[in-house]
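This is what each chain is made of:
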Amino acid sequence: LDLAEERDLPVLICGDFKAHSRVWGSSHTDPRGEVVEELMLRYDLCTLNMGSHPTHQRANCSSVIDVCLSSNFIANRFKN
C-alpha cells in the first residue's frame, strides 16, 4: 500500500477479513474492524460493500465480514 500510495496507483483489496464495522454495514464494530478502519483512513480507501447485505451466512446467523476496499480511482467506476 505504501508503494501504491507513493506511485499514485489504484488499489483494490477484497478479503474475508472476519471484521465487523458499521462502515461496511455490520451492526457493530469489533477490534478487527477498527484495524481495517484505520487502514482505510491511512490510505484513503473506500469500501465497495453495499448496505448491510450479508456477505457470510449460516443456517442460524449472517454477518457482513467480507470487505472490498479500493482507492477512489476504482470506487468511482462502480455503480450500484
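See the structure shown above.
Residues numbered from 1 in each chain as written. Predicted model: local features only at pLDDT ≥ 70, side-chain atom pairs only at ≥ 80, totals over all residues. Heavy atoms only, no water.

Visitor: It is not clear to me how the overall build of the chain should be interpreted in this structure. Could you clarify?
Guide: In terms of helices and strands, the chain carries three helices and five strands. Along the chain, helices (α) and strands (β) appear in the sequence α-β-α-β-β-β-β-α when read from the amino end. Of all intrachain contacts in the chain linking residues separated by at least 6 positions in sequence, the fraction that spans at least 24 positions is 51%. Accessible surface computed for the chain: about 5,600 Å², of which carbon and sulfur atoms make up 52%. (Helix = DSSP H or I, 4+ residues; strand = E, 2+ residues; numbered from the N terminus. Contact = heavy atoms within 4.5 Å. Areas by Shrake-Rupley, 256 points an atom, 1.4 Å probe, with all protein chains shown as cover.)

Visitor: So what exactly am I meant to see when it comes to the pattern of salt bridges here?
Guide: Oppositely charged side chains may form a pair once their charged atoms are brought near each other. Under the counting rule described, the total for this entry stands at three salt bridges. Taking the shortest distance from any N to any O, the salt bridge between E5 and R42 comes out at 3.1 Å. Linking E5 in helix α1 (residues 2-7) with R42 in helix α2 (residues 31-43), this pair joins segments that are 37 residues apart in sequence. For K18, the salt bridge is made with D16, and the minimal N-O distance between the two is 2.9 Å. Here the salt bridges share partners, and the residues they tie into one network are D2, E5 and R42. (Salt bridge = Lys/Arg side-chain N within 4 Å of Asp/Glu carboxyl O.)

Visitor: Quick question: what am I supposed to make of the sheet that holds strand β2 (residues 46-47) here?
Guide: The strands making up a sheet associate through backbone hydrogen bonding, with each pair oriented either parallel or antiparallel. Pairing is antiparallel across the open sheet formed by three strands, whose spatial order is β1-β5-β2. Strands with a single pairing partner mark the edges of an open sheet, and in this sheet they are β1 (12-16) and β2. Taken together, the two bridges between β2 and strand β5 (residues 66-70) define a ladder with antiparallel strand orientation. Pairing of C46 across the sheet is with S70, part of β5. (Pairing = 2+ DSSP bridges.)

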